[in-house]
Amino acid sequence: MQLNGLLHTFPKEIKLLIAAFVIVLSVGFYTGLLFVGETSTANPNGIEEQFLGNESNEDATVMKFKKSEQEMLTLVHNHILSMSIIFFLVGLVLSTTKLHRKLKLFLMIEPFLSVVLTFGGLYLLWSGLVWMKYIVMISGFFMTASYSLSILIILFQIFNKKSISKQ
C-alpha cells in the first residue's frame, strides 16, 4: 500500500477533522511546555531542582522538596503512556504526507526515543544520576522539534491549495 502523499487524496471533511485534531492537540502540547517553563525554568539546574528539591538553598524564593517515588512513578507512567499515544497518532497522519522517506521515518520514530530518554531520564535524575538533567534537556528539545516539524508538515499539506481543491 502506498501511503506517501495519500493525505492529498482524503476528502475535505477528513482533512478538516485531522486539522482540528492537530490544532487542539498542539494547544495541549504547548501548554504543557509552558508549564515546564514555569516549574523548572527550562534549564538543567531548574529541572534538577524541580525533582530533587532545593531545601539546601537558603536564597530560594520558592521552596521545593524532592518528589516521592510515587510522584515520580506516576509522572513517568502518565507521560510515557499519553505521549506514546500522541506520537503514534501524529505518526499515522504524518505517514500519509508527501515527504522524503528518511525524513518521514525520522519524524515518526524519534519522538518515541525522546519520550523514553526524557521521562526515563527524569526518573534516573531523581534516582541520583544528576547528569541526566542534560539528557532530559536535549531529548526534550528533540521531542518538541520533531513534534513541531511534523505538525507544520501536516497542516501545510492539508491547507495547501492543491490539496484542498482535491476531494
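Reference entry: report on the structure contained in this document. Everything numeric here is computed off the predicted structure, so don't read it as measured data. (Residues numbered from 1 in each chain as written. Predicted model: local features only at pLDDT ≥ 70, side-chain atom pairs only at ≥ 80, totals over all residues. Heavy atoms only, no water.)

Take the environment of leucine 113 next. Here leucine 113 lies in helix α4 (residues 101-127). Judged by its relative accessible area of 52%, leucine 113 falls in the exposed class. Spatially, the C-alpha atoms of leucine 113 and serine 84 are 10.0 Å apart, while their sequence positions differ by 29 residues. (Helix = DSSP H or I, 4+ residues; strand = E, 2+ residues; numbered from the N terminus. Buried < 20%, exposed > 50% of the residue type's maximum accessible area, 1.4 Å probe, protein only.)

We now examine a nonpolar patch on the surface. Together, Leu103, Phe106, Ile138, Phe141, Phe142 and Leu149 make up a nonpolar patch on the protein surface, roughly 570 Å² of accessible area in all. Counting residues per element, the ones that place at least two in the nonpolar patch are α4 and α5 (132-159). The greatest single-element share of the nonpolar patch, amounting to four residues, is contributed by α5. As for its placement among the helices and strands, phenylalanine 141 is situated in helix α5. (Patch = residues over 30% accessible without salt bridge, like charges linked within 9 Å, V, L, I, M, F, W, Y side chains within 5 Å. Areas by Shrake-Rupley, 256 points an atom, 1.4 Å probe, with all protein chains shown as cover. Salt bridge = Lys/Arg side-chain N within 4 Å of Asp/Glu carboxyl O.)

The subject of this paragraph is the pattern of salt bridges. This model, assessed by the stated rule, comprises one salt bridge. One salt bridge in this structure joins glutamate 48 and lysine 133, with 2.5 Å as the shortest N-O distance. You can see glutamate 48 sitting in helix α2 (residues 44-52) and its partner lysine 133 sitting in helix α5, a full 85 residues away along the chain. Classification of lysine 133 by relative accessible area gives buried; the value is 7%.

Under the criterion given, the structure shown has eight aromatic pairs. Where phenylalanine 29 meets tyrosine 30, the ring centres are 5.4 Å apart and the plane angle is 85 degrees; that geometry is what we call edge-to-face. Between the aromatic rings of phenylalanine 87 and tyrosine 147, the centroid separation amounts to 6.1 Å while the plane-to-plane angle is 75 degrees, which identifies the pairing as edge-to-face. In this pair, phenylalanine 87 is assigned in helix α3 (residues 69-94) and tyrosine 147 in helix α5, connecting sequence segments 60 residues apart. (Phe/Tyr/Trp six-rings, centres within 6.5 Å; stacked < 30°, edge-to-face > 60°.)

Let us now look at α4. If you check α4, its first and last C-alpha atoms are 39 Å apart, about what 27 residues at 1.5 Å a residue would give, namely 39 Å. Maximal helix bending in α4 amounts to about 30 degrees, located at isoleucine 109; proline proline 111 follows within four positions. Close packing links the buried residues of α4 with α2, α3 and α5. Directly beyond the C-terminal end of α4, a positive phi value near 125 degrees is found at glycine 128. (Expected span 1.5 Å × (residues − 1). Bend = angle between axes of the 7 residues up to and from the residue. Contact = heavy atoms within 4.5 Å.)

Before going further, it helps to spend a moment on the packing of helix α1 (residues 12-40) against α3. Where α1 meets α3, the axes come as close as 12 Å, and the angle between the chain directions of the two elements is 145 degrees. In this structure, the crossing between α1 and α3 has a hand that is left-handed. Here Ile18, Phe21, Leu25 and Phe29 of α1 come into contact with α3, specifically with Met83, Ile86, Phe87, Leu89, Val90 and Val93. A per-class count over the contact of α1 with α3 returns ten nonpolar, no polar and no charged. (Axes fitted to C-alpha atoms, helices over the stretch in contact; angles between N-to-C directions. Left-handed = near helix turned anticlockwise from the far one by under 90°. Nonpolar A, V, L, I, M, F, W, Y, C, P; charged D, E, K, R; others polar.)

Let's shift gears to the side chain of glutamine 50. Looking at the element boundaries, glutamine 50 is found in helix α2. For glutamine 50, a relative accessible area of 13% translates into the label buried. A polar contact of 3.0 Å, which involves the side chain of glutamine 50, links it to the side chain of lysine 64. With residues up to four places along the chain from it excluded, the contact list for glutamine 50 reads Thr39, Ser40, Lys64 and Lys67. (Polar contact = N/O pair within 3.5 Å; in protein donor to acceptor, adjacent residues only side chain to side chain.)

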